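# Summary of structural features
The lines below spell out each chain.
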Amino acid sequence: MSEESIHNRAGHEIEVFAVCPADAVERGGARGGSLSRIDDIGESRPFPIFVVRTVGNDYFGYVNRCPHDGVWLNIGSGEFFSPERSFLRCSRHGATFEIDSGLCIDGPCNGNTLEPVALAVIEDDVCLCGVKLVEDHRFADSFEDSEETMEIMIHPD
Ligand code: FES
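Residues numbered from 1 in each chain as written. Predicted model: local features only at pLDDT ≥ 70, side-chain atom pairs only at ≥ 80, totals over all residues.

## Points about the overall build of the chain
- Of the regular secondary structure elements, the chain holds zero helices and eleven strands.
- When its helices and strands are written in sequence order, the chain yields β-β-β-β-β-β-β-β-β-β-β.
- Counting all 157 residues of the chain, 32% fall into the buried class.
- If you take every contact in the chain between residues at least 6 apart in sequence, the share linking residues at least 24 apart comes to 47%. (Helix = DSSP H or I, 4+ residues; strand = E, 2+ residues; numbered from the N terminus. Buried ≥ 20, exposed ≤ 12 C-beta atoms within 10 Å, placed from the backbone. Contact = placed C-beta atoms within 7 Å.)

## Quick notes on the pairing of strand S11 (residues 125-129)
- When you tally the buried positions in S11, you get four out of five residues, the bulk of the element.
- Pairing of strand S2 (residues 13-21) with S11, which is carried by five bridges, proceeds in the antiparallel orientation. Residue Val16 lies in a different strand from S11, and its bridge partner there is Cys129.
- In this structure, strand S10 (residues 119-122) lies alongside S11, joined through four bridges in antiparallel fashion. Bridged to Ile122 within S11 is Asp125.
- Between S10 and S11, which pair antiparallel one after the other, the connecting turn spans two residues, and Glu123 there sits at a positive phi close to 50 degrees. (Pairing = 2+ DSSP bridges.)

## A few points about the nonpolar core
- Core analysis: the largest hydrophobic core is formed by 32 residues, its most contacted members being Phe17, Val19, Phe50, Cys127 and Leu128.
- Looking at this core, the elements that each hand over two or more residues are S2, strand S3 (29-38), strand S4 (44-53), strand S5 (59-63) and S11. (Core = buried A, V, L, I, M, F, W, Y, C linked by C-beta atoms within 7 Å.)

## Looking at the sheet that holds strand S7 (residues 96-98)
- If you trace the three strands from one edge of the open sheet to the other, you get S6-S7-S8, paired in antiparallel fashion. Since the sheet does not close on itself, it has two edges, and those belong to strand S6 (87-89) and strand S8 (104-106), each with one partner. Along the sheet, successive strands turn relative to each other by an average axial angle of 40 degrees, direction set aside.
- Relative to S8, S7 runs antiparallel, the two sharing two bridges. What sits directly across from Thr96, in S8, is Asp106. (Axes fitted to C-alpha atoms, helices over the stretch in contact; angles between N-to-C directions.)

## Quick word on the pairing of S3
- Bridging between S3 and S4 involves ten bridges; their strand directions are antiparallel. Directly across from Gly29, in S4, lies its bridge partner Arg53.
- A loop of five residues connects S3 with S4, the two strands running antiparallel in sequence, and Gly42 in this loop sits at a positive phi of about 85 degrees.

The structure is reproduced here in structure tokens:
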């Protein structure tokens with residue numbers, strides 16, 4: 001993971017963290033990882049996120065926490081998508097979310113949204129924007145099927 005900064009349209013500096021190569025997420029796929037962020041009082045907090053890459057090559061990021069019961073969407077199965085892969089879905093309880101908005105359109109948290117994570121693809125890396133991360137954490141590989149552990153994949157900077 002590397003840290004840089006960019007400027008937004010208003011000229012404000014935004015910290016960006018490269019979390020994985022853009023092609024590490026296949027088109028029509030998603031990848032989750034466990035990062036740590038620095039909160040407002042300087043404490044390290046778990047920051048589980050996932051990145052979705054659409055077939056049309058857009059990237060969306062969300063905090064991996066269902067608004068209904070707070071679990072990872074891919075808990076248990078490792079799968080982020082509904083069977084036809086048109087929607088994101090909580091694999092435990094079936095809440096179904098639009099990929100591009102994170103809006104839940106069916107299930108126990110209908111009408112709520114996943115918390116979005118600002119992403120940008122910069123020089124072939126997926127970068128997290130405006131979040132202060134703990135430096136020594138890197139984007140994890142897929143969560144596999146474990147509910148207890150998230151394996152961290154180290155990739156060369
Ligand atoms: S935790 Fe919300 S539907 Fe599963």
